[in-house]
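# Chain and residue survey
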Amino acid sequence: MGITDYGGGQAPSSDVLVVTTNDVPGYRVRQVIGEVFGLTVRSRHLGSQIGAGLKSMIGGELKGLTKTLVETRNQAMERLVEQARSRGANAVLMFRFDVTEAADVGTEVCAYGTAVVIEPADTV
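So, a few notes on the structure that sits alongside this text.

Calculation criteria
- The written sequence of each chain sets the order in which its residues are numbered from 1.
- Local features in this predicted model are restricted to residues of pLDDT 70 or higher, and side-chain atom pairs are both shown and tallied only at a pLDDT of 80 or more, whereas totals for entire chains, interfaces and linings draw on every residue.
- Calculated side-chain values reflect all of the structure's heavy atoms, with hydrogen atoms and water omitted.
- Strands here mean DSSP runs of E at least two residues long; helices mean DSSP runs of H or I at least four residues long; both are numbered from the N terminus.
- Using a 1.4 Å probe on the protein chains alone, a residue whose accessible area is under 20% of its type maximum counts as buried, one over 50% counts as exposed, and one in between counts as partly exposed.
- Throughout, the Shrake-Rupley method with a 1.4 Å probe supplies accessible areas, and for residues the shown protein chains are the sole cover considered.
- In this analysis, two residues are considered to be in contact whenever any of their non-hydrogen atoms come within 4.5 Å of each other.
- By definition, a salt bridge exists where a carboxyl oxygen of Asp or Glu is found within 4 Å of a side-chain nitrogen of Lys or Arg.
- In this scheme, patches are assembled from residues that exceed 30% relative accessible area and form no salt bridge. Like charges are connected within 9 Å, while nonpolar side chains (Val, Leu, Ile, Met, Phe, Trp, Tyr) are connected within 5 Å.

As a further point, take the overall build of the protein chain. Within the protein chain one finds two helices and four strands. Shown N-terminal to C-terminal, the secondary structure of the protein chain runs as helices and strands in the order β-β-α-α-β-β. Relative to its 124 residues, the protein chain shows a buried fraction of 28%. Accessible surface for the protein chain amounts to roughly 7700 Å². Of this, 54% is attributable to carbon and sulfur atoms.

Pasting the structure below:
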């Protein structure tokens, strides 16, 4: 597995900027649209659970589960961007992830932030 299997984040060509900060340098917030989120729940298949159980006895990274979590986070982020775009936003500020166990059958991943419309600061 290459490094791309374990990475995530936004595509450089996205029309909705997603940042973890309160603002974007060089831009001002013209309109606050409100909270947006993307949610997904993934279950682990039996093979990965058995493999993870065996691996946990000898130690080391659980690569299959790591890759699944990366894919899950990316899906949640894509859904967040879709929701922001559909509400007229061109940016999401204060982006965060929340990850919890869902009734011992899977992992719930929620990507959330504040949808806004930003414009260059020099625009009057």
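Turning to the environment of R73, a few remarks are in order. Topologically, R73 is positioned in helix α2 (residues 63-86). For the pair R73 and V109, spaced 36 residues apart in the sequence, the C-alpha separation amounts to 6.4 Å. When sequence neighbours within four positions are dropped, the list of residues in contact with R73 reads F97, V99 and V109.

Another aspect to go through is the pattern of salt bridges. Applying the stated criterion to the full structure yields three salt bridges. The residue E119 makes a salt bridge to R30 at a minimum N-O spacing of 3.5 Å. Here E119 is found in strand β4 (residues 106-120), whereas its partner R30 is found in strand β2 (residues 27-42), with 89 residues between them in sequence. In the salt-bridge network here, residues are joined through shared partners; they are R28, R30 and E119.

A contiguous nonpolar surface patch, about 260 Å² in accessible area, is contributed by F37, L39 and Y112. In this structure, L39 sits in strand β2. Looking at L39, the relative accessible area reads 36%, which means it is partly exposed.

So, to be careful, I would describe these as geometric facts and stop short of saying anything about function.
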